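Coordinate analysis (summary)
The lines below spell out each chain.
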Amino acid sequence: ADEFWMYSRFFGIGLVKMMELVGVEQSADSSYSVMEKWMGAEGLDKNVFTACADSDTYFKIKNKLDMMETLMKEIEIREKKRMAQRLEEKAE
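Since we're looking at a predicted model, the values are computed, not measured. (Residues numbered from 1 in each chain as written. Predicted model: local features only at pLDDT ≥ 70, side-chain atom pairs only at ≥ 80, totals over all residues. Heavy atoms only, no water.)

A few words on the nonpolar core. Y7, L15, V16, M19, V24, V34, M35, M39, V48, A51, C52 and F59 together form the largest nonpolar core, which totals 12 residues. Secondary-structure elements contributing two or more residues to this core are α1 (9–22), α2 (28–39) and α3 (48–91). Apart from residues no more than four positions distant in its own chain, V34 is found in contact with M19 and V24. (Core = buried A, V, L, I, M, F, W, Y, C linked by side-chain atoms within 4.5 Å. Buried < 20%, exposed > 50% of the residue type's maximum accessible area, 1.4 Å probe, protein only. Helix = DSSP H or I, 4+ residues; strand = E, 2+ residues; numbered from the N terminus. Contact = heavy atoms within 4.5 Å.)

You can see S31 is positioned in helix α2. S31 sits in the buried class, given a relative accessible area of 0%. Look past the residues within four positions of S31 in its chain and what remains in contact with it is M19, E25, S55 and F59.

Counted at 1.5 Å a residue, the expected span for α2 with its 12 residues is 16 Å, and the 16 Å between its end C-alpha atoms agrees. Every buried residue of α2 is accounted for by S30, S31, V34, M35 and M39. Buried residues of α2 fall within an arc of 145° about the axis and therefore sit on the same side. The inward-facing, buried residues of α2 contact α1 and α3. (Expected span 1.5 Å × (residues − 1). Arc of directions from axis to C-beta.)

On to the environment of M19, then. Positionally, M19 belongs in helix α1. Look at M19 and you get buried, because its relative accessible area is 0%. Remark: the alpha-carbon pair of M19 and M35, spanning 16 residues in sequence, is separated by 8.7 Å. Filtering out sequence-adjacent residues up to four positions away, M19 remains in contact with V24, Q26, S31, V34, M35 and W38.

On to the pattern of salt bridges. Inspection of the entire model under this criterion finds six salt bridges. In this structure, D66 and K62 form a salt bridge, with 3.7 Å as the shortest nitrogen-oxygen distance. You can see D66 and its partner K62 sitting in helix α3, four residues apart, about one turn around the helix. By relative accessible area, which is 34% here, D66 ends up partly exposed. Between E69 and K73 there is a salt bridge whose closest N-O contact spans 3.6 Å. (Salt bridge = Lys/Arg side-chain N within 4 Å of Asp/Glu carboxyl O.)

So, about the confidence of the model for the protein chain. Mean pLDDT over the protein chain: 87, with 98% of residues reaching 70 or higher. Within the protein chain, α2 has the poorest average pLDDT of any element, 82, and α3 the best, 92. (pLDDT = per-residue confidence, 0-100.)

Bringing α1 into the picture now. Counted at 1.5 Å a residue, the expected span for α1 with its 14 residues is 20 Å, and the 20 Å between its end C-alpha atoms agrees. Within the span of α1, buried status applies to G12, L15, V16 and M19. Seen from one end, α1 has its buried residues packed into an arc of 100°, which puts them on one side. Along α1, the residues that are exposed and aim more than 90 degrees away from the buried face are F10 and L21. Its buried side turned inward, α1 meets α2 and α3. Where α1 terminates, the next one or two residues include G23, which has phi positive at roughly 100°.

Written out as C-alpha cells, the structure reads:
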C-alpha cells in the first residue's frame with residue numbers, strides 16, 4: 001500500500017457504492033464483513049474501524065432519507081385528496 005495514501009470518508013462511501021455495484025447486499029450488517037475484508041490485511045491494509053464506522057453512518061443517513069421520502073409522498077397524497085375534496089365541494 002502507498003505510505004502517503006490517506007483514508008477519507010468519501011473513499012469509504014465510495015467503497016459502499018462499489019459494494020452495491022458488485023452485488024453485495026446493501027445493509028449495515030452484510031457490508032461490515034466485506035468492508036473488513038477490503039480494508040484489512042487482505043485488501044488495503046488500512047484501519048478497518050474507521051471505514052466500518054463510515055459505512056454505518058452512510059446506512060443510518062440513507063435510512064433517514066428513505067423515511068423522509070416516504071413521509072413526503074404521504075403528505076403529497078394527503079394534500080391531493082384534500083384538493084380533490086375541495087374541488088368536489090366547489091362543483092356542488
